[in-house]
Protein chains: 2
Amino acid sequence: MKAEIISCGTELLLGHIVDTNAAWLAQQLAPLGIDVYYVSQVGDNQSRVVGLLKTAWSRSDLIIMTGGIGPTEDDATRESISELVGETMSVDPQLEVELRGFWTRRGRPMPERNIKQATLIPSASTLPNPHGTAPGWFVEKDGRIIVAMPGVPHEMYRMWKDQAEPKIVRRLGAGVIHTRIHKVLGLGESQVEEMIDELIHGTNPTAATYAKSDGIYVRVSAKAASIEAADGLMAPVEARLNEILGEHIYALDDDTLVTVCTRLLKERGHRLAVFEFNTGGLVASQITDASGIADVFIGGIVPFSAAMMKQFGVDATTVDAHGPVSMKTARAMATAARHVLGADVGLGISGTTGAEGTTRQNPGSLYLAVDISGNVRSEEGGIFGTTAAQLKARAALAALDFLRKQLLHS
Amino acid sequence: MKAEIISCGTELLLGHIVDTNAAWLAQQLAPLGIDVYYVSQVGDNQSRVVGLLKTAWSRSDLIIMTGGIGPTEDDATRESISELVGETMSVDPQLEVELRGFWTRRGRPMPERNIKQATLIPSASTLPNPHGTAPGWFVEKDGRIIVAMPGVPHEMYRMWKDQAEPKIVRRLGAGVIHTRIHKVLGLGESQVEEMIDELIHGTNPTAATYAKSDGIYVRVSAKAASIEAADGLMAPVEARLNEILGEHIYALDDDTLVTVCTRLLKERGHRLAVFEFNTGGLVASQITDASGIADVFIGGIVPFSAAMMKQFGVDATTVDAHGPVSMKTARAMATAARHVLGADVGLGISGTTGAEGTTRQNPGSLYLAVDISGNVRSEEGGIFGTTAAQLKARAALAALDFLRKQLLHS
């Protein structure tokens, strides 16, 4: 099946927003075995949308549209599809009842132009939108499919996953597509690809790698009659993946390094405190982005000088002898985090990876230490990048991954 | 002039990367008065690129392409343009010397397939790429222009600004386009639009608003024979903008809230320390993303409990009487930041804006206090959002903006 994606909205052509919907949809289509050959953005202009649809209709089996299904004059997606297939839009009584009900519940009269959100054409069925007022359209005609969904990302994601994808999977003749993301740190993408080479040539399940800001993602997907059957197909591949990559896999699906560390801390009844020099507060900030951390996070200190380190209990002799940027000082910071803040686990981070201008040849230094109930372990690393923000982000990732591994073995 | 943007790369069609280049280019074209009607992404496939180019050639005066100019077989942009205009690529002796020189300086032999990066066609001139090996093409034929640039964003940005844009501006008959961004906080986009309504209907200079994560941007652009002449046209509009928006304008162009605060601190010879509760380290992290802060930033404390606040010198009577989330405690935190860390300026941040699930009806609370040499000022605010990360980001923005205003008046 050949697919193309069309994103509608003049704001896309002005560069006011970046079209993240198209990339997200493309990611969903790959594991279905659907090839995407074209992606386009077009403004809110019916003649241009129709022109693009005609081209798409001539070269693709599946056209996925986002945006342009709101209530205003500008919104031209329904009108353009109707013009393309030569059918007339009419108000669907059931959709009208639902739409008016939405406005009644809000205690406001419905602007009459909104009625176009309750229209259909003979070839279209409705894709309900529990998160907004605009239902989508699923159009089938002459062996082709057009899916029209909202441009608001979270409405579109749900409509795709809950409504559109299952319909398309049925057309493809498979029952379900089931996917799991394995998140990997400590290895580069080409390394991961090489290590799991035996797995990435399969067709069902498929395995593929993606480089992301929080590591390498390995996506395993299977088509089967049910989730359980898909899981059965994925099980041997995932078992082999775990054998090959081991502890480099730090999380699955929506889990993050912080949620994994938080869970490990909770399981062990440990409370964490952080002393961070070159990450400048970023590790504390990432931890406090997660929910449910009040039981496991005591707080953080961001000392920006040797003097402040010593003031807050980092061993003065060590700081004076080795300087603020050293492995010995990182170890003393981890211990100070535990002692001064009354934590079970102290994380100490030092290095020059907050400084700009490092290169592959001359990476920033990174010293990581974790003190778990008096047992101190440390690791030296190097990070390169072009901006302070990028270097800090990579250092924070390495620090939380080191914490994860120490917690695993504690 | 009608333009369209074509981004080449199979990774775009797989959703591995989001096409931020197209949005960036669209933003550059709007102030030139160039309309963008279509944006497309296409894979590394010559016949599909040529097909798209033919359509673009029939409907647009200016085609801007990014990606596909690397040395590999996959890279099809040069070949596709040559096929479109019916011209043969040949190696340009000067480009070959430069390309081989690049490899010689690296002490490595040039892979022979890379020679295609030194080719031209009769209608193309070179756009030098000081940041990479792939020069761009500027093609002029039959009254149409094709610009082909690298897909790597920082190489493309520079090539556009330094090479391609000036050429196009000359074709448009204006000498230069000069633009300045005025960044605004404390007002919504529709409020700003309403306030500066008298300015946004002009044609030279133009003024337009954009909502960004760090506030509302007002972009003022003028076309003129020289930068100085453009500045002359912009001056009265910008003077009026300053009159209307006053201190809501926090920065110009590449300046950020942090660089502005850093400069204000330096000018006053002040050193800053931060005590942050609900922003959880994010303010310290944003400050340490900037360069040259060692003189003005002492460090930060991220206390995640009332106990830790008291341990680090926040007045215990105040914390006990009013709780960690209160204006009185925020003021005591600002003073503690100054006293405990030996700073001239202490910033104290408390509130519930790190907690998820706030709504427009029930926003998170935010208490901000700044102690400058013993003079404490404070402000109460409310922030809403859907994730802890979003709420924290908005609270941090409000905190740094409050700090900026207090520094301005100190």
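Residues numbered from 1 in each chain as written. Chains lettered and ligands numbered in written order. Predicted model: local features only at pLDDT ≥ 70, side-chain atom pairs only at ≥ 80, totals over all residues.

**Some words on the overall build of chain A**
Summing up its helical and strand segments, chain A has 14 helices and 17 strands in all. The 410 residues of chain A split such that 48% are buried. At a minimum sequence separation of 6, the contacts of chain A that also span at least 24 residues come to 64%. (Helix = DSSP H or I, 4+ residues; strand = E, 2+ residues; numbered from the N terminus. Buried ≥ 20, exposed ≤ 12 C-beta atoms within 10 Å, placed from the backbone. Contact = placed C-beta atoms within 7 Å.)

**Brief notes about helix 3 (residues 46–59) of chain A**
Its 14 residues give helix 3 of chain A an end-to-end C-alpha distance of 20 Å, which sits within 8% of 20 Å, the value for a rise of 1.5 Å per residue. Residues of helix 3 of chain A that are buried make contact with strand 1 (2–8), strand 2 (35–42), strand 3 (62–66) and helix 4 (77–85) of chain A. (Expected span 1.5 Å × (residues − 1).)

**Observations concerning the relation of the copies chain B and chain A**
Relating one copy of the chain to the other requires a rotation about an axis plus a shift along that axis. Of the two same-sequence chains, chain B is brought onto chain A (RMSD 0.3 Å, axial shift 0.3 Å) by a rotation of 180 degrees. Taken together, the rotation and translation relating the two chain copies correspond to the operation of a two-fold axis. (Least-squares fit on C-alpha atoms with pLDDT ≥ 70 in both.)

**Describing the sheet that holds strand 11 (residues 215–224) of chain A**
All names here are of chain A. Strand order in the open sheet made by the 4 strands is 10-11-9-12, with antiparallel pairing throughout. Looking at the sheet topology across the chains shown, the edges are occupied by strand 10 (206–212) and strand 12 (249–252). Taking the axes of each pair of neighbouring strands and ignoring which way they run, one obtains an average angle of 25 degrees across the sheet. As judged from the 3 bridges shared by strand 9 (residues 176–184) and strand 12, these two strands associate in the antiparallel manner. The residue bridging H182 from the neighbouring strand is L252, located in strand 12. Where helix 8 (residues 227–245) meets the sheet, it contacts strand 9, strand 10, strand 11 and strand 12, and its direction lies at approximately 150 degrees from that of strand 11. (Pairing = 2+ DSSP bridges. Axes fitted to C-alpha atoms, helices over the stretch in contact; angles between N-to-C directions.)

**Some details on the confidence of the model for chain A**
Residues and elements named next belong to chain A. Per-chain confidence: chain A averages 91 in pLDDT, with 98% of residues scoring 70 or above. Between the elements of chain A, mean pLDDT differs from a low of 83, seen in strand 10, to a high of 98, seen in strand 3. Here the prediction assigns the complex a pTM of 0.81, and the interface score ipTM is 0.79. (pLDDT = per-residue confidence, 0-100.)

**With respect to the packing of helix 9 (residues 257–268) of chain B against helix 14 (residues 388–408) of chain B**
Between two packed helices, what matters for the description is the angle formed by their axes and the separation of those axes. Residues and elements named next belong to chain B. For the pair helix 9 and helix 14, the least separation of the axes is 10 Å and the interaxial angle reads 30 degrees. Our classification of the angle between helix 9 and helix 14 gives roughly parallel. Between helix 9 and helix 14 the crossing geometry is left-handed. Here helix 9 contributes L257, V258, V260, C261, L264, L265 and R268 to the contact with helix 14, which in turn contributes L397, L400, D401, L403, R404, L407 and L408. For the contact of helix 9 with helix 14, a count of residues per class yields 11 nonpolar, no polar and 3 charged. (Parallel < 35°, antiparallel > 145°, perpendicular 65-115°, else oblique. Left-handed = near helix turned anticlockwise from the far one by under 90°. Nonpolar A, V, L, I, M, F, W, Y, C, P; charged D, E, K, R; others polar.)

**Things to note about helix 14 (residues 388–408) of chain A**
Its 21 residues give helix 14 of chain A an end-to-end C-alpha distance of 30 Å, which sits within 8% of 30 Å, the value for a rise of 1.5 Å per residue. Helix 14 of chain A sits mainly inside the fold: 17 of its 21 residues count as buried.

**Comments concerning the sheet that holds strand 13 (residues 272–276) of chain B**
Read from one edge to the other, the open sheet built from 10 strands follows the order 17(A)-16(A)-15(A)-13(A)-14(A)-14(B)-13(B)-15(B)-16(B)-17(B), with strand pairing classed as mixed. A strand with exactly one partner marks an edge of an open sheet, and here the two such strands are strand 17 (375–383) of chain A together with strand 17 (375–383) of chain B. Neighbour-to-neighbour, the strand axes of the sheet open up by a mean angle of 10 degrees, direction not taken into account. Where strand 13 (residues 272–276) of chain A meets strand 14 (residues 297–303) of chain A, 4 bridges bridge the pair, whose relative direction is parallel.

**Describing the nonpolar core**
Within the largest apolar cluster, 147 residues are counted, with the highest numbers of intra-cluster contacts made by A:A337, A:A399 and B:A399. Ignoring anything within four residues of it in the chain, the contact list for B:A399 reads B:T279, B:V283, B:L347, B:I349 and B:L368. Of all hydrophobic cores here, the second largest spans 88 residues; its members include A:I168, B:A22, B:M65 and B:A76. (Core = buried A, V, L, I, M, F, W, Y, C linked by C-beta atoms within 7 Å.)

**Here's the deal with the environment of A:T353**
Residue and element names in this part refer to chain A. Among the structural elements, T353 can be located in the loop between strand 15 (345–351) and strand 16 (364–372). A residue is classified by how many C-beta atoms lie within 10 Å of it, and T353, with 31 of them, is buried. Apart from residues lying up to four places away in sequence, T353 is in contact with N278, G364, S365, L366, I383, L391, K392, R394 and A395.

**Considering the interface of chain B and chain A**
It is common to report an interface's size as the accessible area lost on association of the parts. Contact with chain B, which involves 47 residues of that partner, is made by 48 residues of chain A. Elements with a minimum of two residues in the side of chain B that touches chain A: helix 1 (10–13), helix 2 (20–29), strand 2 (35–42), helix 10 (282–287), strand 14 (297–303) and helix 14 of chain B. Class assignment for the residues of the side of chain B that touches chain A results in 26 nonpolar, 16 polar and 5 charged. The pairing of strand 2 of chain A with strand 2 of chain B spans 5 bridges and is classified as antiparallel.

**Remarks on the domain arrangement of chain A**
Splitting chain A by domain gives domain 1 (2–172), domain 2 (176–252) and domain 3 (257–408). Averaged C-alpha coordinates put domain 1 of chain A and domain 3 of chain A at centres separated by 47 Å. (Domains from an automatic or database assignment.)

**A short note on unusual backbone geometry**
All names here are of chain A. That bond from N204 to P205 is cis: its omega, 5 degrees, falls within 30 degrees of zero. Position of P205 among the secondary structure elements: in the loop between helix 7 (189–195) and strand 10. The backbone of D142 shows a phi angle near 50 degrees, a positive value even though the residue is not glycine. On the secondary structure map, D142 appears in the loop between strand 7 (136–141) and strand 8 (144–149).

**Side note on the pairing of strand 8 of chain A**
All names here are of chain A. In the sheet, strand 3 pairs with strand 8 via 5 bridges, with the strands oriented parallel. Bridge assignment links I64 to a residue of strand 8, and that residue is V147. Looking at chain direction, strand 7 and strand 8 are connected through 5 bridges and run antiparallel. Each bridged residue has a counterpart across the sheet, and for E140 the counterpart in strand 8 is I145. Taken together, strand 7 and the strand that follows it, strand 8, pair antiparallel across an intervening segment of 2 residues, in which D142 is found at a positive phi of about 50 degrees.

**Focus on the environment of A:G246**
Residues and elements named next belong to chain A. Its location among the elements puts G246 in the loop between helix 8 and strand 12. For G246, a count of 8 C-beta atoms within 10 Å translates into the label exposed. Put simply, G246 and V184 are 62 residues apart on the chain and 9.4 Å apart in space, counted from C-alpha to C-alpha.

**Some points on the environment of B:A399**
Residues and elements named next belong to chain B. By the secondary structure assignment, A399 is in helix 14. A399 sits in the buried class, given 31 other C-beta atoms within 10 Å. C-alpha separation for the pair A399 and L368, spaced 31 residues apart in sequence, amounts to 6.2 Å.

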